[in-house]
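Secondary and tertiary structure notes
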Protein chains: 2
Amino acid sequence: MTTIKDIAQAVGVSCTTVSNVIHGKTGRVSEETIARIKEAIDTLGYVPNMSARSLVSSSSKVIGMISHLTSNKKESIVEDPFHSAFIGAIEKTLRENGYYLMLRTVETTSDLMNFLRTWNVDGLFCTGVFQDEFFEALSNLTIPVVLIDSYVSHPNICNVGLEDYDGGYIATRYLIDKGHEKIAFASPSIREKGVVFERFQGYKDALKEASIPFRQDLVFEQELDIDTTIALGSSLALRKDITAVFATADILAAGIMSGLKQAGKKVPDDISVIGFDDINLCRLTSPKLTTIHQDAPLKGKLAVYFMMDKLDNKPILNREVILPIHLVERESVKSLYQ
Amino acid sequence: MTTIKDIAQAVGVSCTTVSNVIHGKTGRVSEETIARIKEAIDTLGYVPNMSARSLVSSSSKVIGMISHLTSNKKESIVEDPFHSAFIGAIEKTLRENGYYLMLRTVETTSDLMNFLRTWNVDGLFCTGVFQDEFFEALSNLTIPVVLIDSYVSHPNICNVGLEDYDGGYIATRYLIDKGHEKIAFASPSIREKGVVFERFQGYKDALKEASIPFRQDLVFEQELDIDTTIALGSSLALRKDITAVFATADILAAGIMSGLKQAGKKVPDDISVIGFDDINLCRLTSPKLTTIHQDAPLKGKLAVYFMMDKLDNKPILNREVILPIHLVERESVKSLYQ
DNA sequence: TTGTAAGCGTTATCAG
DNA sequence: CTGATAACGCTTACAA
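One numbering rule holds for all chains: residues counted from 1, following each sequence as written. Going through the entries in the order they are written, you letter the chains from A and number the ligands from 1. At least 70 in pLDDT is required for a residue's local features to be given in this predicted model, at least 80 for side-chain atom pairs to be given and counted, and no such filter applies to totals for whole chains, interfaces and linings, which use all residues. Computation of side-chain values covers all heavy atoms of the structure but excludes hydrogens and water.

Under an unreviewed UniProt entry, the name given to chain A is Transcriptional regulator, LacI family, and the source organism is Anaerocolumna aminovalerica.

Quick look at the structure:
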């Protein structure tokens, strides 16, 4: 393994000079030395040893992508097809900026702290953080933290999120405009200050605006695994009163459609369904799923931009960016008029 | 940050002793010292610094999950919903064994080498490796390499794969048994010694066995992005002669079904479709997709077991494990008889 | 313009 | 049973 020392010896200079050249602190080094060092680096195939760098600088160029395992969710972040969509974008952008991505699942706050110190982690991405002890810990960190899809706020922390409230509102409003009144709300568990909570508010406000009374027995909180979503669809089929359902994730919506169909119901003729996310799946179901669109790769890219600005100590003008959503009309909602 | 030195001072012993206790080299240390050291570790919150460890031991507990960017594929591994299914399993199992997972996309062989040396990477996972210069480089590494879904073989390298040939054969045979003869083969590009190549052989052999002539104009090599798959479906609808299509990935199959439907064809009445992988999507399309099942999380788990055995220098009895597949009959294939 | 030397946290060797 | 000490590769004052 070629080290700085090897380069220094080969060229006949000191380690300092080599190190300086490597870091572009080239002010005090002659053109010729620079050239010879650069050549030696190439021919000897020098690669910096990050462990050594990290040891001396207590910074590692490692960015952690953290999946916080809450008690009920057993699998790690990458299980979720939606999340995996932007993790690719994150790796790419980080790499282009000279950083490395570590994936890590943590269960407790101290798991997280240990991880950070084990590697001198330089920065952190997290998704779906709530107002709890874990968030508390995050906000006390000295390294940059960028949250994705989280409704918790702190001066130290950047957020990239979505118009979730608007999404919930627009989806519901769309159903109402099509003449629906008995609109079910299906989602994973609605936790305060969470993405789903926001969409839920949008749903309720749209109802209220249309003077449709909110009914608690129309909200269905479910796990997102395929069996439960399909089962939910089947049981929804039994509810004669419901004419439409707003599901806060496309995979949920698709599962419901499948269950509905299994129970002999036709979408959208018997019951309308609208989703959220606009993943590819929406174009593969039949009927194709009407949904609220969001741009997942852009989310990832923006998250990394935030991260880079913070790592470079650039001033952050705005800690939050909220990406727009819009409705994509396809075939899963029927108008009750005419 | 608490270091070994801090612990040593607190307890009143040397760093060596602390280090020994940490590593269970406890033979030569008194019970009492051990207890006191352990307590100090707890109360002071000591966490080992991996950079330092890595520096001195040239091993880092970092395992790389490599995505090899070939010229045509632009995005990184995690973009693929299928791959993300087992990457979660990998992170989990690695973590349980005290390792860390780095995700990294590389374009060239030297990118890879640089990455390895930068971090003293202890082991590597790769998917979809072909017989090329990149593989050459992998097989010359001194660290454990575990390949997933690759048909290249080398004494240094472990493989976890699938009965791809059988899958291709069984899928095709199933269609033939249902009376189909004009069976299209749809897949991403068929590269020698690749997963798809094997499935293709299975397809051809099943045809041959049934004395159905193989026709090159029935094979469709396509990208897997949703637009092209749907377009393929639509264009397949124009081919009056085809009665069934075997797609080597469920996302492909689903796209084709969608395109077919868009072009006014009914699956399976007008044309039958069979997929491969058995991802959740299969139960969300309508008709539900008949497919070849594989166990993706198990793949991930086994890959890690291989990795652990190699890292522990356990003897590897068998460098290859081939997971079984089986047919899952759903609704997308129609029998042409009666 | 370049070099010396200390030190980052850990482990391993060898000597008490 | 325990402790010095050197070494891993790199950066950074400080010297020259």
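1. Observations concerning the overall build of chain A
The criterion, for reference: Helix and strand labels come from DSSP, where a helix needs a run of H or I of at least four residues and a strand needs a run of E of at least two; each type is numbered from the N terminus. The globule rule is 2.2 Å times the number of residues to the power 0.38, and the radius of gyration it is compared with is taken over C-alpha atoms. Partly exposed residues are those whose accessible area sits between 20% and 50% of the maximum for their type, while under 20% is buried and over 50% is exposed, using a 1.4 Å probe and protein chains only. Contacts are assigned to residue pairs with any non-hydrogen atoms lying within 4.5 Å of each other. Under the convention used here, Asp and Glu are negative, Lys and Arg are positive, and both His and the chain ends fall outside the count. To locate a charge, take atom NZ for lysine, CZ for arginine, CG for aspartate or CD for glutamate.
Across its full length, chain A carries 12 helices and 12 strands. For chain A, whose C-alpha radius of gyration is 26 Å, the value lies well above the compact-globule estimate of 20 Å for 338 residues. The principal-axis extents of the C-alpha atoms in chain A amount to approximately 85 × 35 × 35 Å. By residue count, 53% of the 338 residues in chain A fall in the buried class. Contacts spanning at least 24 positions in sequence make up 68% of the contacts within chain A whose residues lie at least 6 apart. Taken as two groups, the 36 positive and 43 negative side-chain charges of chain A have centres that lie 1 Å from each other.

2. A look at unusual backbone geometry
In the segment running from Ser-286 of chain A into Pro-287 of chain A, the intervening peptide bond is cis, with an omega of 5 degrees. The phi dihedral of Ser-211 of chain A falls on the positive side, at around 60 degrees, and the residue is not glycine. Note that Ser-211 of chain A resides in the loop between helix 9 (195–209) and strand 7 (219–221). Judged by relative accessible area, which is 65%, Ser-211 of chain A ranks as exposed. Backbone geometry at Lys-193 of chain B places phi at a positive 60 degrees, although glycine is not the residue there. Along the chain, the position of Lys-193 of chain B falls in the loop between strand 6 (183–187) and helix 9 (195–209).

3. Considerations on the interface of chain B and chain A
Heads up, the rule is: As a working definition, buried area equals the accessible area (1.4 Å probe) given up by two parts on being put together, with both sides summed. Counted as salt bridges are all cases of a side-chain nitrogen of Lys or Arg within 4 Å of a carboxyl oxygen of Asp or Glu. Any N or O atom pair separated by 3.5 Å or less is treated as a polar contact, with the protein-specific requirement of one donor-capable and one acceptor-capable atom, and with residues adjacent in sequence counted only for side-chain atom pairs. Strand pairing requires that DSSP identify at least two bridges connecting the strands.
With 54 residues of chain B in contact, the opposing surface of chain A contributes 55 residues. Taken together, the two surfaces of chain B and chain A that pack against each other cover about 5000 Å², and 56% of this comes from carbon and sulfur. Considering only the side of chain B, the residues that lose the most area to chain A are Arg-117, Trp-119 and Leu-284 of chain B, jointly responsible for 14% of the buried surface there. There are 2 salt bridges connecting chain B and chain A. Across the pair Asp-227 of chain A and Arg-283 of chain B runs a salt bridge, and its minimum N-O distance is 2.8 Å. Our count for the contact surface shared by chain B and chain A stands at 21 residue pairs in polar contact (both at pLDDT 80 or more). Relative to strand 2 (residues 100–106) of chain B, strand 2 (residues 100–106) of chain A is paired through 3 bridges, and the arrangement is antiparallel.

4. Some points on the packing of helix 1 (residues 4–11) of chain B against helix 2 (residues 15–22) of chain B
All names here are of chain B. Cut-off, in case you're wondering: Interaxial angles span 0 to 180 degrees and are taken between N-to-C directions of axes, which are lines fitted to C-alpha atoms, for helices over the stretch in contact. Oblique is the label for any angle not covered by the other classes, which are roughly parallel (under 35 degrees), roughly antiparallel (over 145) and roughly perpendicular (65 to 115). Just so you know the grouping, Ala, Val, Leu, Ile, Met, Phe, Trp, Tyr, Cys and Pro go in nonpolar, Asp, Glu, Lys and Arg go in charged, and all remaining residues, Gly too, go in polar.
Viewed as axis vectors pointing N to C, helix 1 and helix 2 meet at an angle of 110 degrees, and their least axial separation amounts to 8 Å. Here helix 2 runs roughly perpendicular to helix 1, going by the angle between their axes. For the pair formed by helix 1 and helix 2, the contact residues are Ile-4, Lys-5, Ile-7 and Ala-8 on the first element and Cys-15, Val-18, Ser-19 and Ile-22 on the second. Residue composition of the contact of helix 1 with helix 2, grouped by class: 6 nonpolar, 1 polar and 1 charged.

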